[in-house]
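# Descriptive structure summary
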Amino acid sequence: MKVLQLIDSLETGGAERVAVNFANSLFETEISSYLCATRHEGLLKIGVLKTVGYLFLNKKGTLDLKAILRLRRFVKKEQITIIHAHSSSFFLATLLKLTYPKLKLVWHDHYGKSEFLSQRPKLVLKLCSLFFNHVFCVNQLLVQWNTKHLFAKHISYLPNFAVINNTPKQTNLKGEEGKRIVCLANLRPQKNHEFLIQAFKEVLNTYPDWTLHLVGKDFKDLYSEKLKGLIKTLDIEEHVFIYGSCPDTSQIIKQATLTVLSSISEGLPLALLEYGLMAKPTIATNVGQCQEVIINNQTGILITSNDLEAFINAIKTLIRDQDKASKYSNQLLEHVTKHFSQTSIINQILKVYRRFA
């Protein structure tokens, strides 16, 4: 079998990291593995193995005929049999299948606002789903939504998996070593950075020498401006740092003392798995499949989304009780290694692929 992972860009988002992880990991099996970035490249490109067949399509618009034909020529030349399309790349994959019907099409639903599915546009997706041979979903809410709204007959939940990022250290976190809180999340509203910043402000009243580090793509939009304005208004500019996209995520997490995720909506976040692989004490909100990774008072602390007092208390608890923090971090490492390993997830994918052989 020859499988092409199709993704819009190689920026440092969750879906993008999954596509790269799949392409790299599948090469280690009997699969011939390929990756195509359709619109933009990005920092993740340096992590794509040289042994993975790679194509940058440089697609300029939704109906870029030249790009579609170029992709078709590549697929035909390489004799690719399965397209594994991630997120919004399903549309291009569907157009490709219309011109090359013998292709099998797997769609991977990474929709990040799974707590707000009633607002999700679905007309185009529903029509395209007529051509989906299988759908993978990153949480159970998406499985239910896809089952209800799409024509696809085969739909299943597939947990993410994380791998340690071997990119050499490039990012030196500011602040004092041993007193850093890291949040690995693109600056999007569903990640709820405002809530995190407000909670951290209260923590500073007790622990004034701690710092907060926000790592993830800065879209330079209204949300980003609002966050920066809040930091300034709260007068904590010397304690909260925004880094933007960084390729060396494992090295960044390694510099953290605590790791957090304050989202109001999630799938199964790669960030939590990456925190676990680096054995960091972690606090997360109970959205999406986060509870599968952070088991409250066992592998970390899990709180209700937007419960400010609980989030503040959780941070303070892990700061003052280092034994508890160490216990949680070790148990998180063990849990992630056992249940979210590369081998187990790739085997689930291969079972689906083999149905098409």
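On a predicted model such as this, the values are computed, not experimentally measured, just so you know.

## Considering the pattern of salt bridges
For the coordinates displayed, the defined rule picks out 10 salt bridges. In this structure, Glu-274 engages Arg-17 in a salt bridge whose closest nitrogen and oxygen atoms are separated by 3.4 Å. Of this pair, Glu-274 sits in helix α9 (residues 270-277) while Arg-17 is found in helix α1 (residues 14-26), placing the two residues 257 residues apart along the sequence. In this structure, Lys-226 engages Glu-194 in a salt bridge whose closest nitrogen and oxygen atoms are separated by 3.6 Å. Of the two residues, Lys-226 is situated in helix α7 (residues 222-233) and Glu-194 in helix α6 (residues 193-206); the sequence distance between them amounts to 32 residues. Residue Glu-194 is classed as partly exposed on the basis of its relative accessible area, which comes to 24%. The network of salt bridges with shared partners includes Glu-176, Lys-179 and Asp-209.

## Observations concerning the layout of surface pockets
Its boundaries defined by the atoms lining it, the second largest pocket holds a volume of some 450 Å³. Those elements giving two or more residues to the lining of the second largest pocket turn out to be α1 and α9. The element that contributes the greatest number of residues to the lining of the second largest pocket is α1, accounting for five residues. Within the lining of the second largest pocket, the residues separate by chemical class into 10 nonpolar, nine polar and three charged.

Reading the values: rules and limits
- Residues numbered from 1 in each chain as written.
- Predicted model: local features only at pLDDT ≥ 70, side-chain atom pairs only at ≥ 80, totals over all residues.
- Heavy atoms only, no water.
- Salt bridge = Lys/Arg side-chain N within 4 Å of Asp/Glu carboxyl O.
- Helix = DSSP H or I, 4+ residues; strand = E, 2+ residues; numbered from the N terminus.
- Buried < 20%, exposed > 50% of the residue type's maximum accessible area, 1.4 Å probe, protein only.
- 1 Å grid on protein atoms, 1.4 Å probe; cavity = no way out; pocket = protein on both sides within 12 Å on 5 of 7 lines; lining within 4 Å.
- Points joined across faces, edges and corners; volume = space filled by probe spheres on them.
- Nonpolar A, V, L, I, M, F, W, Y, C, P; charged D, E, K, R; others polar.

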